[in-house]
Amino acid sequence: MSSKRPNIVFMFSDQQRFDTLGCYGQKLPVTPNLDRLAREGTKFNFAFTCQPVCGPARACLQTGKYAAELNCFVNAMPLPKDTRTIAECFNDAGYDTAYVGKWHLASDNEHNYKDSPVPEERRGGYKYWMASDVLEFTSHGYNGHVFDNENKQHDFVGFRADCIQEFALDYIRNRDKNSNRPFFLFISHIEPHHQNDHKIYEGPDGSKEKWKDFEVPGDLIGTGGNWKENYPDYLGACNALDNNVGKLMDTLKTYGYLENTIFIYTSDHGTHFKTRNPEYKRSCHESSIRVPMIAYGPGFMGGKVINDLASLIDIPTLLDCAEIEKPDGFRGNSLLKLAKGEAENWPDAVFLQISENHIGRAVRTDKWTYSVRALGDAGTQKDADVYYDYLLYDLENDYYQKNNLIGKPGYENITASLRQILKEKMAEAGEEMPEILPNTMAPEEWHQFNEFTPSKRKAI
């Protein structure tokens with residue numbers, strides 16, 4: 001290991017579409033700070049979640065394993081206690097570790113920590129703690145609280161994203177200036193996720209007027225859903241996150257950490273605003289699975305733009321940044337090596353597991369999105385022995401995924417090829433090899449099977 005290992009700050013938003021950022025095409029000035037970091041650092045043009053649901057995506061990030069491997073394939077399933085986490089890897093390597101914000105990996109049907117402190121043994125190994133298990137249960141846009149290491153409640157004063165970021169900045173400000181230990185800080189926001197109990201998105205006051213002149217994303221044009229009334233507040237929440245990126249950079253600079261800190265920004269998944277199924281995500285569409293991803297700091301500088309496919313499962317990136325050996329069982333690859341031009345045989349497809357709305361699997365290549373679906377109870381089954389072709393999109397000619405090509409003449413060979421790629425990805429993820437059958441059912445007919453009902457999972 002080098003004598004001066006970098007600090008690492010991982011800032012995580014919740015349910016943020018990639019196209020909310022200017023560097024990905026947003027025309028309004030929603031994200032000037034992130035846009036600057038993208039210009040100076042590295043932007044991953046095509047980054048994707050590996051599970052478009054809050055808890056499962058977080059489980060993948062904390063362990064380097066796929067959600068079905070961990071039995072965390074739906075919300076309200078905690079991390080297995082015997083699974084090695086990234087925090088434990090950093091602890092063992094001499095790093096200070098800190099977690100601030102939304103956790104979503106402690107509660108289950110027997111132990112409810114949704115509005116109470118998370119026990120130390122369920123915090124994934126993080127030494128500093130200022131968090132809530134399910135932040136949407138302990139807060140709203142302008143009120144709420146989290147809990148510290150000693151289980152003491154800390155109330156919000158102001159907009160939620162600002163309060164969460166302030167707790168993270170306090171960690172940086174209050175560190176021992178004489179310590180030679182680098183730090184790994186994970187900041188997990190809930191913005192711009194909809195507020196569950198209010199059933200709306202909650203931006204800062206004034207968002208509806210400030211961001212009312214938005215350009216409608218192409219996938220939403222001509223659709224129903226609830227984006228018309230919610231998009232200004234959604235953008236307002238994204239803008240609040242960006243303001244807090246600026247505060248973070250200023251604080252790192254003020255306290256002498258900026259030059260030796262690697263900063264990574266991404267999200268757990270996107271949102272389709274109830275236009276693809278009865279809720280917000282849990283589908284293979286770009287609006288659900290494609291996320292922003294920006295890296296800044298040593299190894300990522302120079303205004304690089306990466307067009308190779310990246311995934312949240314590529315969490316070994318963080319370990320590589322700290323020169324920590326990738327543990328056995330961790331999936332994914334190092335995006336640091338990719339940014340440096342040192343990666344070999346980079347995957348040409350990303351793999352996704354989909355749950356809660358349906359039992360699904362998908363691959364996304366540079367040209368195609370292909371998804372399969374099983375019959376059964378999506379709230380209790382993590383996988384299936386038999387899947388059926390479900391969705392096929394030609395991304396070159398149907399960027400907004402309006403035309404499902406499954407079962408249409410002339411696409412049999414493409415479907416067969418993608419089916420084989422999907423099976424290979426499932427095997428790499430430790431899944432049993434399933435049978436995937438052609439589907440003669442129209443997509444709308446699938447709604448008679450295992451339709452998503454919020455009552456199945458309590459914290460969506």
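Tell me what's going on with helix α1 (residues 32-40), and back it up with residues and numbers.
Within α1 the residues assigned to the buried category are L34, D35, L37 and A38. For α1, the arc enclosing every buried residue in end-on projection is 160 degrees, short of the 170-degree limit, so these residues lie on one face. The elements touched by buried residues of α1 are β2 (42-48), α8 (227-254), β9 (261-267) and β11 (293-296).

Tell me about empty space enclosed by the protein, and name the residues and values.
The final tally for this structure, using the stated rule, is 2 cavities of 30 Å³ or more. Looking at the largest cavity, its volume works out to about 110 Å³. The wall of the largest cavity is formed by 15 residues, among which F10, I264, M293, D314 and L335 lie closest to the centre. Put simply, the parts of the chain that give the lining of the largest cavity at least two residues each are β9, β11 and α10 (316-321).

An account of the environment of Y95 is needed here, citing residue identities and associated values.
Relative to the helices and strands, Y95 resides in the loop between α4 (86-92) and β3 (96-102). C-alpha separation for the pair Y95 and I313, spaced 218 residues apart in sequence, amounts to 22 Å. With residues up to four places along the chain from it excluded, the contact list for Y95 reads R5, P6, F90, R181, P182, F183, F184 and A322.

Can you tell me about the packing of aromatic side chains, naming the residues and giving the values?
Tallied over the full model, the rule gives 30 aromatic pairs. Here F184 and F186 contribute two aromatic rings whose centre-to-centre distance is 6.4 Å and whose plane-to-plane angle is 85 degrees, an arrangement assigned as edge-to-face. Just as F184 is buried, F186 falls in that class too. When the ring of Y231 is compared with that of Y234, the centres are 5.5 Å apart and the planes differ by 40 degrees; the resulting orientation is tilted. Residue Y231 and its partner Y234 are both found in helix α8; the two are separated by 3 residues, about one turn of the helix. No difference in accessibility class separates Y231 from Y234, as the two residues are buried. Positioned above the aromatic ring of Y24, the side-chain terminus of K43 is 5.1 Å from the ring centre. Over the ring of W368 we find K367, and its NZ or CZ is 4.8 Å from the ring centre.

Give a detailed account of the sheet that holds strand β14 (residues 359-365), specifying residues and quantitative values.
Reading across from one edge, β13-β14-β15-β16-β17 is the order of the 5 strands in this open sheet, with mixed pairing throughout. A single partner strand is all that each edge strand has here, and the edge strands are β13 (349-354) and β17 (435-437). Averaged over all adjacent pairs, the angle separating strand axes in this sheet is 25 degrees, with direction ignored. Pairing geometry for strand β15 (residues 368-374) and strand β16 (residues 386-394), over 6 bridges, is antiparallel. Bridge pairing in β16 places S371 opposite L391. Lying on the sheet, helix α12 (residues 412-428) is in contact with β13, β14, β15, β16 and β17; it crosses β14 at an angle near 110 degrees.

Go over the pattern of salt bridges, please, and point to the residues and values.
Inspection of the entire model under this criterion finds 30 salt bridges. Between R17 and D19 there is a salt bridge, with the nearest N and O atoms lying 2.9 Å from each other. For K425, the salt bridge is made with E428, and the minimal N-O distance between the two is 3.8 Å. You can see K425 and its partner E428 sitting in helix α12, 3 residues apart, about one turn around the helix. One network of salt bridges, with partners in common, ties together D14, R58, K102, E136 and D268.

Talk me through the nonpolar core; I want residue IDs and the actual numbers.
Core analysis: the largest hydrophobic core is formed by 74 residues, its most contacted members being F44, F90, Y126, F184, L318 and Y370. If near-sequence neighbours (up to four positions away) are discounted, L318 is found in contact with I8, F10, I86, F90, F184 and I264. Core analysis: the next-biggest nonpolar cluster, separate from the first, contains 39 residues, F18, Y24, A168 and Y265 among them.

Could you give an account of unusual backbone geometry, with specific residues and numbers?
Following E191, the chain continues to P192 via a peptide bond in cis, the omega torsion being 0 degrees. Turning to its location among the elements, P192 is positioned in strand β8 (residues 183-192). For K199, which is not a glycine, the phi torsion comes out positive at approximately 60 degrees. Mapped onto the fold, K199 is located in the loop between β8 and α7 (207-210).

Calculation criteria
- Residues numbered from 1 in each chain as written.
- Predicted model: local features only at pLDDT ≥ 70, side-chain atom pairs only at ≥ 80, totals over all residues.
- Heavy atoms only, no water.
- Buried < 20%, exposed > 50% of the residue type's maximum accessible area, 1.4 Å probe, protein only.
- Helix = DSSP H or I, 4+ residues; strand = E, 2+ residues; numbered from the N terminus.
- Arc of directions from axis to C-beta.
- Contact = heavy atoms within 4.5 Å.
- 1 Å grid on protein atoms, 1.4 Å probe; cavity = no way out; pocket = protein on both sides within 12 Å on 5 of 7 lines; lining within 4 Å.
- Points joined across faces, edges and corners; volume = space filled by probe spheres on them.
- Phe/Tyr/Trp six-rings, centres within 6.5 Å; stacked < 30°, edge-to-face > 60°.
- Lys NZ or Arg CZ within 6 Å of the ring centre and 35° of its normal.
- Pairing = 2+ DSSP bridges.
- Axes fitted to C-alpha atoms, helices over the stretch in contact; angles between N-to-C directions.
- Salt bridge = Lys/Arg side-chain N within 4 Å of Asp/Glu carboxyl O.
- Core = buried A, V, L, I, M, F, W, Y, C linked by side-chain atoms within 4.5 Å.

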